[in-house]
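Observations on the model geometry
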Amino acid sequence: MSEQPSNPTPSEPSSQSPPTEELLPDQQRKPRLSLYLVGVLVLLGAGVYAGMSPRIAQRKAVEEESKQLSLRTFATVNPTPGKPPEQVTLSAELKPIIETPVYARASGYVRKWYVDLGAKVKEGELLAELETPEIDRELAEGRATLRQAEAALGLAESTAKRWEELAGTKSVSAQEVEEKRADAALKTAAMEAEKARVQRLEQLTSFSRITAPFDGTITSREVDVGQLVSAGSSHELFRLAKTNKLRAYIRVPQTQARGVRIGQCAEVVVPEILGETFIAKIIRTAGAMDTASRTLLTELEIDNEKGEILAGSYARVRLAQNQPDALLTLPANTLLFRAEGIQVGVVDAQNKVQMRTLKIGRDFGPNVEILGGVETGDRVVLNPPDSLASGTEVRLAAVEPVAASGEVKTAAR
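- Looking up the protein chain in an unreviewed UniProt entry gives the name RND family efflux transporter MFP subunit, with the organism given as Roseimicrobium gellanilyticum.
- The protein chain has a UniProt comment under Sequence similarities (unreviewed entry) that states "Belongs to the membrane fusion protein (MFP) (TC 8.A.1) family."

What about the overall build of the protein chain?
- When its secondary structure is counted, the protein chain shows four helices and 23 strands.
- Out of the 413 residues in the protein chain, the part that is buried amounts to 27%.
- Residue pairs in contact within the protein chain that sit at least 24 positions apart in sequence constitute 71% of those at least 6 positions apart.

Digging into the sheet that holds strand β7 (residues 209–211)
- Overall, antiparallel pairing links the four strands, which are arranged β7-β6-β4-β9 in an open sheet. Two strands lie at the open edges of the sheet, namely β7 and β9 (228–229), each paired on one side alone.
- Sheet analysis places strand β4 (residues 108–113) next to strand β6 (residues 126–131), joined by four bridges and oriented antiparallel. From the neighbouring strand, Y109 faces β6, where its bridge partner is E131.

Quick look at the packing of aromatic side chains
- Summed over all chains, the structure comprises zero aromatic pairs.
- Across the ring face of W113, the terminal group of R221 is positioned such that the distance to the ring centre comes to 4.0 Å.

What to know about the side chain of D378
- Secondary-structure assignment places D378 in the loop between β20 (367–372) and β21 (379–381).
- Given a relative accessible area of 12%, D378 falls into the buried group.
- Among the polar contacts made by the side chain of D378, one reaches the side chain of R356 at a distance of 2.7 Å.
- Here D378 is in contact with V77, N78, P79, V346 and R356, once residues within four sequence places are set aside.

Describing the environment of E340
- Looking at the secondary structure, you find E340 in the loop between β16 (336–338) and β17 (341–347).
- As a C-alpha pair, E340 and R356 span 16 residues in sequence and 9.7 Å in three-dimensional space.

Focus: the pairing of strand β19 (residues 359–363)
- Here three bridges tie β19 to β20, and the two strands are oriented antiparallel to one another. Paired with I360 across the two strands is I370, which belongs to β20.
- Between β19 and β20, which pair antiparallel in sequence order, lie three residues; one of them, G365, sits at a positive phi of approximately 95 degrees.

Focus on the pattern of salt bridges
- Scanning the model with the defined rule gives 16 salt bridges in all.
- E131 is paired through a salt bridge with R111; the nearest N and O atoms lie 3.6 Å apart. Taken as a pair, E131 in strand β6 and R111 in strand β4 lie far apart in primary sequence, 20 residues in all.
- In this structure R111 comes out as partly exposed when scored by relative accessible area, which is 44%.
- Residues joined in a network through salt bridges with shared partners are E99, E236 and R239.

Quick notes on the environment of A167
- Note that A167 resides in helix α2 (residues 133–168).
- Given a relative accessible area of 27%, A167 falls into the partly exposed group.
- Apart from the residues within four sequence positions on either side, A167 is in contact with V172 and V177.

Details of the layout of surface pockets
- Counted as a void, the second largest pocket has a volume near 320 Å³.
- If you list the elements that add at least two residues to the lining of the second largest pocket, you get β8 (216–221) and β10 (238–253).
- The leading source of residues in the lining of the second largest pocket is β10, at four residues.
- Of the residues in the lining of the second largest pocket, the class split is four nonpolar, seven polar and four charged.

Focus: the environment of L126
- With respect to the helices and strands, L126 occurs in strand β6.
- Residue L126 is classed as buried on the basis of its relative accessible area of 18%.
- Sequence separation between L126 and A212 is 86 residues; the distance between their C-alpha atoms is 6.6 Å.
- Excluding residues within four positions of it along the chain, L126 makes contact with Y114, V115, R209, I210 and T211.

A few points about the sheet that holds β19
- With respect to topology, four strands assemble into an open sheet ordered β2-β15-β20-β19, the strand pairing being antiparallel. The outermost strands of the open sheet, each flanked by one partner alone, are β2 (80–81) and β19.
- The pairing of strand β15 (residues 328–331) with β20 spans four bridges and is classified as antiparallel. What sits directly across from P331, in β20, is N367.

Quick notes on the rules
- Residues numbered from 1 in each chain as written.
- Predicted model: local features only at pLDDT ≥ 70, side-chain atom pairs only at ≥ 80, totals over all residues.
- Heavy atoms only, no water.
- UniProt positions renumbered as here; feature names shortened; annotations may be inferred.
- Helix = DSSP H or I, 4+ residues; strand = E, 2+ residues; numbered from the N terminus.
- Buried < 20%, exposed > 50% of the residue type's maximum accessible area, 1.4 Å probe, protein only.
- Contact = heavy atoms within 4.5 Å.
- Pairing = 2+ DSSP bridges.
- Phe/Tyr/Trp six-rings, centres within 6.5 Å; stacked < 30°, edge-to-face > 60°.
- Lys NZ or Arg CZ within 6 Å of the ring centre and 35° of its normal.
- Polar contact = N/O pair within 3.5 Å; in protein donor to acceptor, adjacent residues only side chain to side chain.
- Salt bridge = Lys/Arg side-chain N within 4 Å of Asp/Glu carboxyl O.
- 1 Å grid on protein atoms, 1.4 Å probe; cavity = no way out; pocket = protein on both sides within 12 Å on 5 of 7 lines; lining within 4 Å.
- Points joined across faces, edges and corners; volume = space filled by probe spheres on them.
- Nonpolar A, V, L, I, M, F, W, Y, C, P; charged D, E, K, R; others polar.

Below, the structure written as structure tokens:
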């Protein structure tokens, strides 16, 4: 038998690498065509998008503009601080904190005076001495009468004591004993009366020494040696003033009276003292308006320890402002008068209206003072309609001032 070559079966692996297959032309074109097709489609999509995007953007712009045009357009204004209240300047006369005339409390002749005009005196210091001969004679007579009353009292007491001892032996009656006791009591009362009279005369005698009732300055002397003065007369001997503190009375008009507070400071200017301003403090007020002048009487106190201000000077008083910041104001054409009160429409960040109730202060005509309800940065609707309600979306108009005429014009935005 002849040998035939052995061929390996397909299931057996070959020890040699298989030869490289060669691709047919049709098989090579298929991937390239797929890539070309994808590129064409991408280009077509880009072209369609490039052509449609302006139309889409334009349509959105038209829709947004239509939406804006469908909204009501309002101009807005911000609350602005009003003018601060003007300082009130009032006239005043500066008076000493204490001032009093010194009168004589005893009648007599001026023996000597010790202080003159402008002298600084201390409390209890001797100002003048009087000669009081009538009082001296009355005092001497009173003392003699007092000694008589004391002697009579001593005799009456010793007699009553002896009669009480005799009553024990039944030598005198009880009636006589009671009479002696009553006589002793009567003498005691007479002695006490004379003693009181002597004390009064001694006090009158002490009034011959005229002394200062408090520390101060002698601003007037109306007495001289040998002059007759009478107790109870209207003739003053000296006038004494305490000037380390001064007081000023001012009359605040009714329009500014409610701003006056106890402890509030004020500036005092004396025209003759150039460049100097003194600080005063309100210490009390009358508490009621004067019906004749419609003013509030107010008292201020000024420290004058250095003596720079002369008592009795004319001065101007400027009341300091007790309201540091001016209140906000709004135009009158922003207000809506409703059952809930006076309201305004405030536009928020989403251009929606929020209705707010205001507290109104003073009315200035074109503007009104706002005590509460809005803040400086709020956008308040001008000329709001009565139908305006919270949640309404609005369109804002730009306000452009015109310099030539001073008018304003609005442009929708």
